[in-house]
Amino acid sequence: MIATLTLRERRIGLGLSVALAVLGLAMAAAARTGPMAVHGGMALILGLVLIFAIGGALYDHPEQGEDRLTRYYDAPTRFGIVMTLIWAVIGMGVGVWLAALMYWPEATPPWPATSFGRLRPVHTSGVIFGFGGNALIATSFWVLQRTSRARLADAVSPWVVLIGYNLFCLWAASGYLMGSTQSKEYAEPEWYADIWLTIVWVTYFVLYIRTLARRAEPHIYVANWYYMAFILVVALLHIVNNLALPVSWTGAESFPVWAGVQDAMIQWWYGHNAVAFFLTAGFLGMLYYFLPVRAQRPIWSYRLSILSFWGIVFFYMWAGSHHLHYTALPYWVQTLGMTFSVMLLVPSWASAGNAIATLNGAWHKVRDDATLRFMFVAAVFYGLSTFEGSFLAIRPVNSLSHYTDWTVGHVHSGTLGWVAMIVFGAIYTLVPRLSGRDTMAWPKAIEWHFWLAVAGTLVYVVALWNAGITQGLMWRAYDENGALSYSFIQSVEAMLPYYAARTLGGTLFLAGAVLCALNCRATMRTAGDRVDATDRPLAAQPAE
Ligand code: HEM
Ligand code: HEM
Ligand SMILES: [Cu+2]
């Protein structure tokens, strides 16, 4: 990693590492106890490790010559993929454990840090931000350079983005274990972590724009529009939803500036658009690059891909209130959210259909190539989960589904079937190329992973459809006297078989992810030290 930097860049990196260590020390000294002090300590240790790593090797490697500018810069992508896999195993591992706890709550250990309430956000942040976020950042660097035929604008800021982002993820997960949370779902980290992420994210956006400005291709390929929407809108959502006043500068607690139903609306404008721009737009960028490359076919309709881009970014923005049906939110705002959610189906299916139609004429490849099959299944689940979402957003349907496991089933049909599948497809395309090879080290293991992932997703999702609809119907069943037919605990007991099935499905899915991580490790190992030498020369790729 350090060998890829020029002497000047190494010095800048050293300066930034010193700044990080000083910041960590200041946080730890100011807070003295509690989560902020622990997080300061983590930043201090990370800063020191970087100082020793960069400082120790300051003059060790020969300087990079000017000819580096004629090659892509892929070392950050490689690091990002490694972090993706690490977070996948942690996040999904915790998910399986939580699934098991819902079947077997007595197994909860007696320490607060291991309670369901603290581990649940470790799962959601671990998989969404750790696994999904690292995959998005890592692939965005790769796609941006290929489609622009330009090297990243500089060599320091990609590391600032990736290392800074992973420090945020670490702060988030370790904070939850200590009971630190601002209680906004998917935005739980406290104010200082939010400020940190804002700095990292602005660096990311600036790097993206600067690289794009250097492009040698006149046209900005559609994948870049999706990645840019992801970066820009996540910044907007993050800043507005996290506006808060710290109780003191030396502690983690804060109060949001929003109150009452406005706070609820801002939170679900955020939460819903986190789905839209984090879990959808960025991954559509990934799909629109890796699927055509892997299938060696151009997108079925490029024009449609642009049209659905604008449809998706416009309609999603207004749909957040479908999370607040039958609440104190004005009725018309709920209706607005419902209407836009239904309209959203059109651009969503246009994207899914466009991806599937791209495979026309390449079905033999889908049959033979498990990597391409991951992408195909991702497009199918993208279509299924958006159909389901539009349906759940209809108020009377939501009166049955809300508060039930149907929502959780919908979530995982999107995240396992769509998000994780497209990530695996991208990883199996990227990792051999990052390692200077034609194939993964264990090609057969991709096939195994594919079937584990498909079986795991289906078992998980089907179990929770049954669970959710059963719950919804039991809760609204009345006897002839108008009394409830079932007590709440009866509906809990009825869930046991479904929770057992979900644990099994999750275990299959996790096993596939572990296999993927091992396969990637074996593949990257064979590359050895050659990786930096294999940064490819700038050239348009086939099928781009
Ligand atoms: C057209 C697209 C979509 C629409 C209209 C939609 C709509 C909905 C609705 C109505 C809910 C339930 C709200 C409630 O009753 O509380 C929901 C929940 C959720 N959806 Fe979707 N959905 C869509 C696509 C997706 C996709 C593709 C994913 C994931 C990749 C996803 C992830 C989620 C998550 C995480 C929640 C749970 C939020 C919570 O914590 O309560 N959705 N969605
Ligand atoms: C091995 C695979 C997985 C298992 C076993 C699993 C299990 C779970 C469990 C048990 C919950 C808590 C449900 C509850 O509180 O009732 C949950 C929630 C959640 N998981 Fe997963 N999960 C897995 C993978 C993923 C992935 C890959 C993602 C995202 C990329 C994801 C995103 C979420 C989200 C957003 C929620 C919150 C849902 C809501 O509030 O409605 N999960 N998961
Ligand atoms: Cu939503």
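For clarity, every value in this text was computed on a predicted model and none was experimentally measured.

## Focus: the overall build of the protein chain
What the protein chain contains, in helices and strands, is 18 helices and 2 strands. Here the C-alpha coordinates of the protein chain stretch approximately 85 × 65 × 45 Å along the principal axes. The buried share among the 544 residues of the protein chain stands at 48%. For the protein chain, the proportion of contacts with a sequence separation of at least 24, taken over those separated by at least 6, is 82%.

## As for the UniProt feature "binding site: Cu cation" (unreviewed entry) in the protein chain
Within this structure's numbering, the places UniProt gives as "binding site: Cu cation" (unreviewed entry) are H272, H322 and H323. On the basis of their most widely separated C-alpha atoms, the annotated residues across 52 residues gather in one place, lying no more than 8.7 Å apart. The residue H272 is located in helix α8 (residues 260-295) in this model. Take H323: it is sitting in the loop between α9 (302-316) and α10 (331-343). With residues near it in sequence (within four places) discarded, H323 still touches W268, G271 and H272.

## Overview of the site of ligand 1
Lining the immediate surroundings of ligand 1 are 28 residues, of which T386, G389, L392, A393 and G414 lie closest. Elements supplying a minimum of two residues to the shell around ligand 1: α8, α11 (345-358), α13 (370-392), α14 (395-401) and α15 (405-434). With 7 residues, the top contributor of residues to the shell around ligand 1 is α15. Grouping the constituent residues of the shell around ligand 1 by class yields 10 nonpolar, 17 polar and 1 charged.

## A look at the UniProt feature "binding site: heme b 1; low-spin" (unreviewed entry) in the protein chain
UniProt's entry tags H123 and H412 with the feature "binding site: heme b 1; low-spin" (unreviewed entry), counted in the numbering of this structure. The largest pairwise C-alpha distance within this set of annotated residues, which runs over 290 residues, is 12.6 Å, so the set is compact in three dimensions. Residue placement: H123 occurs in helix α4 (residues 116-148). Judged by C-beta crowding, with 21 C-beta atoms within 10 Å, H123 ranks as buried. Assignment of secondary structure puts H412 in helix α15. Looking at H412, the number of C-beta atoms within 10 Å reads 26, which means it is buried. Setting aside anything within four residues of it in sequence, one finds H412 in contact with Y460 and V461.

## Section: the site of ligand 2
Within the structure, ligand 2 sits among 23 residues, and M92, G95, V127, T415 and G506 are positioned closest to it. Elements supplying a minimum of two residues to the shell around ligand 2: α3 (75-103), α4, α15 and α18 (496-527). Considering every element that reaches the shell around ligand 2, the biggest residue donor is α15, with 8 residues. Taken together, the residues of the shell around ligand 2 sort by class into 14 nonpolar, 8 polar and 1 charged.

## Here's the deal with the environment of A453
Residue placement: A453 occurs in helix α16 (residues 443-475). On the neighbour-count criterion, A453 (26 C-beta atoms within 10 Å) is buried. Sequence separation of A453 and A511 is 58 residues, and the distance between their C-alpha atoms is 8.4 Å.

## Some points on the nonpolar core
Within the largest apolar cluster, 155 residues are counted, with the highest numbers of intra-cluster contacts made by F230, L287, A378 and I422. For this core, the element with the highest residue contribution is α8, accounting for 21 residues. Residues from two domains meet in this core; each of domain 1 (1-64) and domain 2 (65-534) gives at least three.

## Thoughts on α10
Between the first and last C-alpha of α10 there are 19 Å, a value that for 13 residues agrees with the 18 Å anticipated at 1.5 Å per step. For α10, every residue scored as buried is listed here: Q334, G337, M338, F340 and S341.

## Here we look at the domain arrangement of the protein chain
What the domain assignment lists for the protein chain is domain 1 (1-64) and domain 2 (65-534). Taking only C-alpha atoms, the centre of domain 1 and the centre of domain 2 are 30 Å apart. Taken together, the contacts link 20 residues of domain 1 with 21 residues of domain 2. Put simply, the parts of the chain that give the side of domain 1 that touches domain 2 at least two residues each are α1 (7-31) and α2 (34-56). Looking at the side of domain 1 that touches domain 2 element by element, the count peaks at 8 residues for α2. In terms of residue class, the side of domain 1 that touches domain 2 is built from 13 nonpolar, 5 polar and 2 charged.

## A look at the environment of H123
Measuring from C-alpha to C-alpha, the distance between H123 and L98 comes to 8.4 Å, with 25 residues separating the pair along the chain. Excluding residues that lie within four positions of it along the chain, H123 makes contacts with G91, V94, G95 and L98.

## So, unusual backbone geometry
With phi around 60 degrees, Y326 is a residue other than glycine that occupies positive phi space. Structurally, Y326 is set in the loop between α9 and α10. Phi angles above zero are rare outside glycine, and Y403 is one such case at about 70 degrees. Following the sequence through the fold, Y403 ends up in the loop between α14 and α15.

## Section: the packing of α8 against α11
The N-to-C vectors of α8 and α11 enclose an angle of 10 degrees; their axes lie 10 Å apart at closest approach. The angle between α8 and α11 places the two elements in the roughly parallel class. In contact with L284, L287, L291, P292 and A295 of α8, α11 contributes S351, A355 and T358.

The rules behind the values
- Residues numbered from 1 in each chain as written.
- Chains lettered and ligands numbered in written order.
- Predicted model: local features only at pLDDT ≥ 70, side-chain atom pairs only at ≥ 80, totals over all residues.
- Helix = DSSP H or I, 4+ residues; strand = E, 2+ residues; numbered from the N terminus.
- Buried ≥ 20, exposed ≤ 12 C-beta atoms within 10 Å, placed from the backbone.
- Contact = placed C-beta atoms within 7 Å.
- UniProt positions renumbered as here; feature names shortened; annotations may be inferred.
- Near = placed C-beta within 6 Å.
- Nonpolar A, V, L, I, M, F, W, Y, C, P; charged D, E, K, R; others polar.
- Core = buried A, V, L, I, M, F, W, Y, C linked by C-beta atoms within 7 Å.
- Domains from an automatic or database assignment.
- Expected span 1.5 Å × (residues − 1).
- Axes fitted to C-alpha atoms, helices over the stretch in contact; angles between N-to-C directions.
- Parallel < 35°, antiparallel > 145°, perpendicular 65-115°, else oblique.

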